[in-house]
Amino acid sequence: MSNIILDKSKHGWWKSAVFYQIYPKSFQDTNADGIGDLRGIISRLDYLQELGIDGIWLSPVCQSPQVDNGYDISDYCAIDPMFGSLSDMEELIVEAEKRGITIIMDLVLNHCSDQHFWFLEALKGRDNPYHDFFIWRDGDGVTPPNEMKATFGGSAWTYVPELGQYYFHQFAVEQPDLNWDNPAMRAELYKSIRFWVEKGVGGFRLDVIDQIGKVADQMITANGPRLHEFLQELSREAFPEEGLVTVGEAWGATVDSAKIYSAEDGSELSMVFQFQHMCLDQGPEKWDFKPLYLPDLKACYKNWQQGLHTEGWNSLFLNNHDLPRIVSRWGNDCDEHRVNSAKMLATMAHGMQGTPYIYQGEELGMTNIRLPIEEYADIEIQNIYRERTAAGWHPEDVMASIYARGRDNARTPMQWTAKDGAGFTQGKPWLPINGNHTYINAEAALADPDSVFYYYKKLIELRKSHEVFRSGWFELLDPDNEKVFAYTRDTEKEHLLVVCNFSGETLPFDVPERFCGCEMLIGNYSDGEPGLRPYEAAMLYYRT
Ligand code: TEU
Ligand code: CA
């Protein structure tokens, strides 16, 4: 079956699309330096076309000292030489387009790198024109302006003795926050966005976009008072084209604010990444994790599915480069259940309303990894290990948190083959490759008609050929059931039932009468036995 190619000039085309996230450092290396690169992505476009995706969200490839793997940009209009050249990027855009794939770049607009020309200038003096591109407060180097903490540990204020001032940073010390209250700064950002639009980029993912309106003095990070004003200006100045797709990362989004972000008039963004479902199995901090209570997840989805229906647009994701692998988190990554639980989770997510995002390796059922602390590369992991052990935590407990929640779980190299280097590199990979690449890899998946890969391919095809996925109304069945997640989607003409067993047990399940005996669109067990077997998932469908 050849892929259905969407008309991408029209507002809203993304409602029928499925995107795929590439974390370039870990996708495909072509020059044996152990780091993925743009030519590597070009060489794998046929694979992505086979999967059937419409667009690639490419994590940052701009010039960067790589303190936070490219989320610390030192030049918004240059490609980091580690990834290749500007002409490689241009070739990627053209080659992807030939295969019906749009490139979506990652914009990091809340902060930049401390090596950016703007910051280097800002350090030269209070009168420098770039000084006000950042957020400064006078101080003595002993007591920071307030108690705010940075996400990657320590105070959110770092002192510069030469200036007698602190600068504000919500993330690492090397990621100074940009001052959005300065219109000259905003205008510079818009210019660099236009640079990429003119190169043919089809859209953007906007890093921590809900934090650009921060008010450092009032300790406000997300959802600042000028946030929506800034977003509307950004949209007017940088994204005037109808067909550009924009997705904002917004940990602080609620159903109500998502309606504003994704308003149908296109005044802000196409959609947001909201994280309420991703926070259900953690304590007040992400490192303090607890088991998922399935009724909470179901209630959360119900709230979003019904809340945004016809009033906004959501994204659907279970993984990204900051999150642990979903099959290890909510599925079961032991050999017996890995494949079925990976398919079950995909069924749950892809049956809903919104635009699905698949994170590299998710379509293979890639799993979490456990490494000794010194082998982790992530700045967040290293910092939390240092902070918690210094505060008296037992190292084993800290490691347990890192195994469960650490970002490097998602960042180990893509597993292409069973060979040494996993077909990812011929050199030494920048982060260890998961040992299970000997049997979890793309080559094996492509040779097995029952693989997780082909299951995702089919889910993508179904979304494109059945309107109900795009517009059907969501109803939750059996909300208190702790092991089964079942819901329906209905349009006037089309009716869909999605059933997912989140447990390793065989359970009874009564198919609602109207779905009895109707077509099974997809399922992870091939025969039609009654009852729900371990991690069984199915979609039943009829038309009226
Ligand atoms: O992440 C935003 C964010 O707050 C968290 O996901 C963060 O990465 C961390 O896991 C919280 O514990 C975005 C990017 O996706 C992330 O990779 C960057 O490190 C971060 O912004 C800073 O740019
Ligand atoms: Ca390389």
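Source: prediction; values computed, not measured.

1. Side note on the overall build of the protein chain
A tally of helices and strands in the protein chain yields 16 helices and 18 strands. Taking contacts inside the protein chain between residues at least 6 apart in sequence as the whole, the part at least 24 apart equals 70%. Per element, the accessible surface of the protein chain, about 20,600 Å² overall, is 50% carbon and sulfur. Of the charged side chains in the protein chain, 48 are positive and 82 negative, and the gap between their average positions amounts to 3 Å.

2. Some words on the pattern of salt bridges
Counted according to the given criterion, the structure contains 39 salt bridges. In this structure, the salt-bridge partner of aspartate 88 is arginine 39, at a minimum N-O distance of 2.6 Å. Placement of aspartate 88 in helix α3 (residues 86–98) and of arginine 39 in helix α1 (residues 38–43) is noted, with a sequence separation of 49 residues between them. Classification of arginine 39 as partly exposed rests on a relative accessible area of 35%.

3. A closer look at the sheet that holds strand β11 (residues 271–273)
With respect to topology, 8 strands assemble into an open sheet ordered β11-β10-β9-β5-β2-β1-β13-β12, the strand pairing being parallel. Edge strands, defined here as strands with exactly one partner in the open sheet, are β11 and β12 (315–316).

4. Description of the packing of helix α11 (residues 379–390) against helix α12 (residues 395–405)
Interhelical geometry of α11 versus α12 gives an angle of 155 degrees and a closest axis separation of 10 Å. In terms of orientation, α11 and α12 fall into the roughly antiparallel class. Crossing handedness for the pair α11 and α12: right-handed. Where α11 abuts α12, its residues Ile381, Ile384, Tyr385, Arg388 and Thr389 lie against Pro395, Val398, Met399, Ser401 and Ile402. The class makeup of the residues in the contact of α11 with α12 is 7 nonpolar, 2 polar and 1 charged.

5. As for the site of ligand 1
Residues in close proximity to ligand 1 total 18 residues, the closest being Asp68, Asp207, Asp322, Glu380 and Arg407. At 2.4 Å from an oxygen atom of ligand 1 is found a side-chain nitrogen or oxygen belonging to aspartate 68. Residue aspartate 322 places a side-chain N or O atom 2.5 Å away from an oxygen atom belonging to ligand 1. Of the residues that constitute the shell around ligand 1, the class distribution is 5 nonpolar, 4 polar and 9 charged.

6. Regarding α3
Here α3 is 13 residues long and its end C-alpha atoms lie 19 Å apart, about the 18 Å a rise of 1.5 Å per residue gives. Along α3, the residues that are buried comprise Asp88, Met89, Leu92, Ile93, Glu95 and Ala96. Where the residues of α3 are buried, they touch α1, α2 (45–51), β2 (55–58), β4 (75–79), β5 (102–107) and α5 (183–198).

7. Notes on the nonpolar core
A general feature of soluble globular proteins is that nonpolar side chains tend to end up buried together. Ranked by size, the top nonpolar core spans 143 residues in total, and within it Met89 and Phe485 carry the most contacts. Examining the composition of this core, we find that 7 residues originate from one element, helix α15 (residues 452–465), more than from any other.

8. Focus: the coordination of the calcium ion (ligand 2)
Coordination of the calcium ion (ligand 2) by the protein is provided by Asp29 (OD), Asn31 (OD1), Asp33 (OD), Ile35 (O) and Asp37 (OD), with metal-donor distances spanning 2.3 Å. Every donor residue of the calcium ion (ligand 2) comes from the same chain, spaced as D-x1-N-x1-D-x1-I-x1-D.

9. Points about the pairing of strand β18 (residues 537–543)
Within a regular strand, the side chains alternate between the two sheet faces. The element β18 is largely enclosed, with a buried count of 6 among its 7 residues. Here 7 bridges tie strand β16 (residues 494–501) to β18, and the two strands are oriented antiparallel to one another. Across the sheet, leucine 497 pairs through a bridge with leucine 540, a residue of β18. Sheet topology note: the strand β17 (residues 519–523)/β18 ladder contains 4 bridges and is antiparallel. Residue isoleucine 522 lies in a different strand from β18, and its bridge partner there is methionine 539.

10. Notes on the packing of aromatic side chains
As enumerated under the stated definition, the model contains 33 aromatic pairs in all. Relative to tyrosine 167, the ring of tryptophan 136 has its centre 5.8 Å away and its plane inclined at 70 degrees; by these criteria the two rings are edge-to-face. With tryptophan 136 in strand β6 (residues 136–138) and tyrosine 167 in strand β8 (residues 165–168), this pair connects stretches of sequence that are 31 residues apart. The same class applies to tryptophan 136 and to tyrosine 167, which are both buried. Their ring planes at 70 degrees and their centres at 4.7 Å tell us that phenylalanine 273 and tyrosine 357 sit as a pair that is edge-to-face. In this pair, phenylalanine 273 sits in strand β11 while tyrosine 357 sits in strand β13 (residues 355–359), placing the two residues 84 residues apart along the sequence.

11. Quick notes on the side chain of glutamate 95
Within the secondary structure, glutamate 95 is located in helix α3. By relative accessible area, which is 17% here, glutamate 95 ends up buried.

12. As for the sheet that holds β17
Either a parallel or an antiparallel arrangement is found when strands of a sheet pair, and the pairing is made through backbone hydrogen bonds. Here we have 5 strands laid out as an open sheet, ordered β14-β15-β16-β18-β17, and antiparallel in their pairing. The open sheet has two free edges, formed respectively by β14 (473–477) and β17, since each of these has just one partner strand. With strand direction ignored, the average angle separating the axes of adjacent strands in the sheet is 20 degrees. Contacting β17 and β18, α15 runs over the sheet at an angle of about 135 degrees to β17.

Conventions adopted
- Residues numbered from 1 in each chain as written.
- Chains lettered and ligands numbered in written order.
- Predicted model: local features only at pLDDT ≥ 70, side-chain atom pairs only at ≥ 80, totals over all residues.
- Heavy atoms only, no water.
- Helix = DSSP H or I, 4+ residues; strand = E, 2+ residues; numbered from the N terminus.
- Contact = heavy atoms within 4.5 Å.
- Areas by Shrake-Rupley, 256 points an atom, 1.4 Å probe, with all protein chains shown as cover.
- Lys, Arg positive; Asp, Glu negative; His and termini not counted.
- Charge placed at Lys NZ, Arg CZ, Asp CG, Glu CD.
- Salt bridge = Lys/Arg side-chain N within 4 Å of Asp/Glu carboxyl O.
- Buried < 20%, exposed > 50% of the residue type's maximum accessible area, 1.4 Å probe, protein only.
- Pairing = 2+ DSSP bridges.
- Axes fitted to C-alpha atoms, helices over the stretch in contact; angles between N-to-C directions.
- Parallel < 35°, antiparallel > 145°, perpendicular 65-115°, else oblique.
- Left-handed = near helix turned anticlockwise from the far one by under 90°.
- Nonpolar A, V, L, I, M, F, W, Y, C, P; charged D, E, K, R; others polar.
- Near = heavy atom within 4 Å.
- Polar contact = N/O pair within 3.5 Å; in protein donor to acceptor, adjacent residues only side chain to side chain.
- Expected span 1.5 Å × (residues − 1).
- Core = buried A, V, L, I, M, F, W, Y, C linked by side-chain atoms within 4.5 Å.
- Donors = N, O, S within 2.8 Å, 3.2 Å for Na, K, Ca; no water.
- Phe/Tyr/Trp six-rings, centres within 6.5 Å; stacked < 30°, edge-to-face > 60°.

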